[in-house]
Amino acid sequence: ETTAISRVVARALWLNEDLVEAIGLGHDMGHTPFGHAGEQALDEALRERFGGGFRHNEQSFRIARELNLTHEVCDGILTHTGPQEPETHEGRIVRIVDRIAYVNHDIDDALRYGVLAERDLPTAEIALLGATGSERIDTLVHDLVEASEAAGDIAQSDDVGDAMLSLRSFMFERVYLGPLAVPEHERAGHVIRAILDRLVAAPELLPPGEGDLVVRITDYVAGMTDRFALAYVES
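Residues numbered from 1 in each chain as written. Predicted model: local features only at pLDDT ≥ 70, side-chain atom pairs only at ≥ 80, totals over all residues. Heavy atoms only, no water.

Points about the nonpolar core
So, point 1. Ile-5, Val-9, Ile-93, Leu-116 and Met-171 are the most contacted members of the largest nonpolar core, which totals 38 residues.
So, point 2. Every element with two or more residues in this core is listed here: helix 1 (2-12), helix 2 (17-26), helix 5 (71-78), helix 6 (89-112), helix 7 (123-129), helix 8 (133-151) and helix 9 (158-176).
So, point 3. The element best represented in this core is helix 6, accounting for 9 residues.
So, point 4. Listed in part, the 21 residues of the second largest apolar core include Ala-37, Val-221, Met-224 and Ala-229. (Core = buried A, V, L, I, M, F, W, Y, C linked by side-chain atoms within 4.5 Å. Buried < 20%, exposed > 50% of the residue type's maximum accessible area, 1.4 Å probe, protein only. Helix = DSSP H or I, 4+ residues; strand = E, 2+ residues; numbered from the N terminus.)

As structure tokens, this is what we get:
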């Protein structure tokens, strides 16, 4: 979804569609099982055991470097999240569109599964951006293109950009870090730690690979899907 929207924006702004596609397809390839809950659990476990941490954008960047991708692609992947801004317009498109995509996708999921009700959504932001996920994405994409054309850079208008950030903060408070997420975060932490403990105790279980033990464990755990991680713990 991030890649598809980013290509639309790049095409409208006469920028490099292939570059945004490469960044979009690669930006989350270093993500852990269980999403950000798994990322936090792996980060904490690695810090406790080895003194190092984990960030999915840095893992994605390392994979991209090993794949010998271009500097511009690697930079866009590394900087799609975090304090550092991308060097290219294409990287900045993916950085903004990633938030557009996941916030609206997650709102739709939360409504679908009853975690949120329509009445829970912030009134002013919904009135400005749209009542449905597709309407909000349409508003945000049009604003991104128009504001960028006017600024000669990649930008959002103040009111639309603020509304998107407000929705993002709302989702962190009510969904990502909300009460219903606590058991899932605890479950993710238990699974990640159990896998790490097993691999540290028996490194021969790791698949063949290069690098020291920490790198090999990190690569293996971060490369797991949710189902594989659960099955691995239960086996």
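So, a nonpolar patch on the surface
So, point 1. Taken together, the side chains of Met-29, Leu-67 and Leu-69 make up a nonpolar region of the molecular surface, amounting to roughly 240 Å² of accessible area.
So, point 2. Looking at the element boundaries, Leu-69 is found in the loop between helix 4 (56-66) and helix 5.
So, point 3. The exposure class of Leu-69 is partly exposed, given its relative accessible area of 34%. (Patch = residues over 30% accessible without salt bridge, like charges linked within 9 Å, V, L, I, M, F, W, Y side chains within 5 Å. Areas by Shrake-Rupley, 256 points an atom, 1.4 Å probe, with all protein chains shown as cover. Salt bridge = Lys/Arg side-chain N within 4 Å of Asp/Glu carboxyl O.)

A closer look at the environment of Leu-199
So, point 1. Mapping Leu-199 onto the fold places it in helix 10 (residues 182-201).
So, point 2. Residues Leu-199 and Val-221 lie 22 residues apart in sequence; the distance between their C-alpha atoms is 9.5 Å.

Some remarks on the pattern of salt bridges
So, point 1. Taken as a whole and assessed by the stated rule, the structure comprises 17 salt bridges.
So, point 2. Measuring nitrogen to oxygen at the nearest pair gives 3.2 Å for the salt bridge that ties Arg-92 to Asp-153. Here Arg-92 is found in helix 6, whereas its partner Asp-153 is found in the loop between helix 8 and helix 9, with 61 residues between them in sequence.

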